[in-house]
Amino acid sequence: MTKNSRANFGSKLGVILASAGSAVGLGNIWRFPYETGNHGGAAFILVYIGCVLFFGIPIMVAEFSIGRHSRSNTARAYQKLAPGTHWRWVGRMGVLAGFLILGYYSVVAGWTLDYIVQAASNSFAGQTANGFIAAFNNLTANPWRPALWMLAFMLMTHFIVVKGVEKGIEQSSKIMMPMLFILLIILAICAVSLPGAGNGIKFLLQPDFSKVDGNVLLGAMGQAFFSLSLGMGCLCTYASYFRKDVNLPKTALNVGIIDTMVAILSGFIIFPAAFSVGLQPDAGPSLLFITLPNVFQQAFGGVPWLAVILSIMFYVLLALAALTSTISLHEVVTAYLHEEFDMTRRKAAILVTTGCSIIGVLCSLSLGVGKELTIFGMTLFDFFDFLTAKIMLPLGGFFIAIFTGWFLDKHIVWEEVSNNGTLKKSIYRSWLFLLKYVAPIGIAFIFVNELGLLK
Ligand code: TRP
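What counts, and where the lines are drawn
- Residues numbered from 1 in each chain as written.
- Predicted model: local features only at pLDDT ≥ 70, side-chain atom pairs only at ≥ 80, totals over all residues.
- Heavy atoms only, no water.
- Salt bridge = Lys/Arg side-chain N within 4 Å of Asp/Glu carboxyl O.
- Helix = DSSP H or I, 4+ residues; strand = E, 2+ residues; numbered from the N terminus.
- Expected span 1.5 Å × (residues − 1).
- Buried < 20%, exposed > 50% of the residue type's maximum accessible area, 1.4 Å probe, protein only.
- Polar contact = N/O pair within 3.5 Å; in protein donor to acceptor, adjacent residues only side chain to side chain.
- Contact = heavy atoms within 4.5 Å.
- Phe/Tyr/Trp six-rings, centres within 6.5 Å; stacked < 30°, edge-to-face > 60°.
- Lys NZ or Arg CZ within 6 Å of the ring centre and 35° of its normal.
- Core = buried A, V, L, I, M, F, W, Y, C linked by side-chain atoms within 4.5 Å.
- Near = heavy atom within 4 Å.
- Areas by Shrake-Rupley, 256 points an atom, 1.4 Å probe, with all protein chains shown as cover.
- 1 Å grid on protein atoms, 1.4 Å probe; cavity = no way out; pocket = protein on both sides within 12 Å on 5 of 7 lines; lining within 4 Å.
- Sits in = over half its atoms within 2 Å of the grid points.
- Nonpolar A, V, L, I, M, F, W, Y, C, P; charged D, E, K, R; others polar.
- Axes fitted to C-alpha atoms, helices over the stretch in contact; angles between N-to-C directions.
- Parallel < 35°, antiparallel > 145°, perpendicular 65-115°, else oblique.
- Left-handed = near helix turned anticlockwise from the far one by under 90°.
- Points joined across faces, edges and corners; volume = space filled by probe spheres on them.

**Observations concerning the pattern of salt bridges**
Part 1 of the reasoning: Taken as a whole and judged by the stated rule, the model has nine salt bridges.
Part 2 of the reasoning: The structure contains a network of salt bridges with shared partners spanning Arg68, Lys244 and Glu416.

The following block contains the structure:
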């Protein structure tokens, strides 16, 4: 792939699957439930959905437009569309965010590989809830095991990215996405029918708005950007490989719907299961890994072979969902280095893999032996998560909205968004209104509110 002949995604379905593959990942199945648990449940989910509708989907259409029109990596895109301006820093900040996210995300992806092995060796059998907690702490406190799994995961990502966009990403998304979805539905049905699951369902459905404070707003906004892969040029880079006939608003809507459904479905697995065995919903990053083995144990414990098969399947699909996300993160940074610094894709990818692995090892250690070393009271792992999801991505989204809504030539915007003039003017105008006013003002409000400046 050279600068002039960029690869394209082969089909429209491929476009949706690749974008949804980037969006659907650990963010939905691991991060969404624990953020929901930390922030009190149903009210957080409603705020989250609001963020997806009013910020997420409009900004996604903007990112798609920037990417497809410029046909370049995210930093170059701004240079092409706004030469000689400082807008290119939005792209560069995105590349940096992608680099940091890939580092700590791969740690969690590594855990899923370890859990595949645990599931296959039937080590969940006969365990109690406390046993699962101990097993998880054992894993993360170990200096070697999670770091090695993280490296294994990083290498898988590396080789797919080096192979190129179409073959790697499109193919792997096509089979795995529908399978994951079906398995999630099965697990949700099982979890909901566990004894005592009712309180978990209540936690998901009965909003308590007195719990909504600045933290909840920032958490929900950050989660929306993180889960939709938004605000750092990830979907912008993917859109640079879209063909002209791809309908951008429709694709964004589809990705938003699929992504939100997977997240909510995961909530319906985790919380009924957690309440059923008396686990706290605010256990944080460990939540998925300590509740899920319980579901397999309790729902299928009577049929051991079924418990083993279903749990292996789940962790394999989870790892694959994470893989289609890490590929997209890796691709952003690789495409940037490859095109901006005139190096081969291979060399660019090696640099990214090496750098992110170093970050990954540090983040992994920060949950065990390095627990004492904190930044602003957070472990390195938590700090990178906070810095990227809650600061850098919404900030990136803010600037993307301003850039597309206020700065970019309206002919270009209409040309990209209207799908050859077939989009209804009224829909276009509503979208532009969300992008110009609602999203930037909303994001700014949440930031300012969190800083405590509004008191
Ligand atoms: N959205 C993915 C998930 O939910 C993670 C991810 C992939 C991401 N690419 C991104 C997050 C870009 C932020 C920005 O697991």
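Structure's up, so let's keep going.
**Re helix α1 (residues 12-23)**
Since there are 3.6 residues in each turn of an α-helix, residues three or four apart along the chain are aligned in direction.
Part 1 of the reasoning: Taking 1.5 Å per residue as the helical rise, α1 with its 12 residues ought to reach 16 Å, and the 17 Å between its terminal C-alpha atoms agrees with that figure.
Part 2 of the reasoning: Across the 12 residues that make up α1, a large majority, 10, are buried.
Part 3 of the reasoning: Residues of α1 that are buried: Gly14, Val15, Ile16, Leu17, Ala18, Ser19, Ala20, Gly21, Ser22 and Ala23.

**Re the side chain of asparagine 28**
Part 1 of the reasoning: With respect to the helices, strands and loops of the structure, asparagine 28 is situated in helix α2 (residues 26-38).
Part 2 of the reasoning: Within the structure, asparagine 28 has its side chain in polar contact with the side chain of aspartate 259 (distance 2.7 Å).
Part 3 of the reasoning: If we skip the residues at most four places from it in the chain, asparagine 28 touches Ala23, Pro33, Ser227, Asp259, Val262, Ala263 and Ser266.

**Some remarks on the packing of aromatic side chains**
Part 1 of the reasoning: Summed over the entire model, instances satisfying the criterion amount to 33 aromatic pairs.
Part 2 of the reasoning: On the basis of an interplanar angle of 40° and a centroid distance of 6.0 Å, the ring pair of phenylalanine 376 and phenylalanine 383 is categorised as tilted.
Part 3 of the reasoning: Residue phenylalanine 376 is classed as exposed on the basis of its relative accessible area, which comes to 72%.
Part 4 of the reasoning: For phenylalanine 383, a relative accessible area of 13% gives the class buried.
Part 5 of the reasoning: Seen in terms of ring centroids, phenylalanine 383 and phenylalanine 384 are 6.1 Å apart; in terms of plane orientation they differ by 40°. Their pairing is tilted. Here the two residues phenylalanine 383 and phenylalanine 384 agree in accessibility, since each one is buried.
Part 6 of the reasoning: It is arginine 92 that lies over the ring of tryptophan 89; its NZ or CZ is 4.7 Å from the centre.
Part 7 of the reasoning: Directly above the ring of tryptophan 406 sits lysine 436, whose terminal nitrogen or CZ lies 4.5 Å from the centroid.

**Quick notes on the nonpolar core**
Part 1 of the reasoning: Of all hydrophobic cores here, the largest spans 159 residues; its most connected members are Ile59, Trp111, Phe314 and Tyr315.
Part 2 of the reasoning: Not counting residues within four places of it along the chain, the set of residues in contact with phenylalanine 314 comprises Ile29, Leu183, Leu184, Leu187, Leu292 and Phe296.

**Remarks on the site of the ligand**
Part 1 of the reasoning: Neighbouring residues of the ligand: 17 residues in total, closest Ala23, Gly27, Tyr105, Phe226 and Ser229.
Part 2 of the reasoning: Within the side chain of serine 229, an N or O atom sits 2.9 Å from a nitrogen atom of the ligand.
Part 3 of the reasoning: Here the ligand, which alone exposes 360 Å², has 100% of that area covered by the protein.
Part 4 of the reasoning: Its atoms largely coinciding with the cavity grid, the ligand occupies the largest cavity.
Part 5 of the reasoning: Of all the secondary-structure elements, those providing two or more residues to the shell around the ligand are α1, α2, α5 (88-120), α10 (214-227) and α14 (304-340).
Part 6 of the reasoning: Residue composition of the shell around the ligand, by class: nine nonpolar, eight polar and no charged.

**Describing the packing of helix α6 (residues 129-141) against helix α13 (residues 287-300)**
Axes are the key here: two packed helices are described by the angle between their axes and the distance separating the axes.
Part 1 of the reasoning: Where α6 meets α13, the axes come as close as 9 Å, and the angle between the chain directions of the two elements is 135°. One element, α6, and the other, α13, form an angle in the oblique class. Along this stretch, α6 crosses α13, giving a crossing that reads as right-handed. The residues of α13 that touch α6, namely those facing Ala129, Phe132, Ile133 and Phe136, are Phe289, Ile290, Pro293, Asn294 and Gln297.
Part 2 of the reasoning: Each residue belonging to the contact of α6 with α13 can be placed in one class, and the counts come to seven nonpolar, two polar and no charged.

**Section: unusual backbone geometry**
With glycine set apart, most residues show a phi of negative sign, and most peptide bonds adopt trans.
Part 1 of the reasoning: The phi torsion at aspartate 342 lies on the positive side, around 55°, for a residue other than glycine.
Part 2 of the reasoning: Structurally, aspartate 342 is set in the loop between α14 and α15 (345-365).
Part 3 of the reasoning: Look at aspartate 342 and you get exposed, because its relative accessible area is 63%.
Part 4 of the reasoning: Residues other than glycine seldom take positive phi values, yet phenylalanine 376 does so here, at roughly 50°.
Part 5 of the reasoning: The topology assignment puts phenylalanine 376 in the loop between α15 and α16 (380-407).

**Examining the layout of surface pockets**
Part 1 of the reasoning: Considered as a void within the structure, the largest pocket measures approximately 330 Å³ in volume.
Part 2 of the reasoning: Surrounding the largest pocket, 16 residues form its lining, Ile57, Pro249, Leu253, Ile427 and Trp431 being those nearest its centre.
Part 3 of the reasoning: Listed by contribution, the elements that provide at least two residues to the lining of the largest pocket are α3 (42-70), α12 (248-277) and α18 (425-450).
Part 4 of the reasoning: With five residues, the single largest contributor to the lining of the largest pocket is α3.
Part 5 of the reasoning: Taken together, the residues of the lining of the largest pocket break down into 12 nonpolar, two polar and two charged.
Part 6 of the reasoning: In this model, the second largest pocket occupies a volume close to 220 Å³.
Part 7 of the reasoning: Taken together, 13 residues form the lining of the second largest pocket, with Phe136, Asn137, Thr140, Leu367 and Lys371 sitting closest to its centre.

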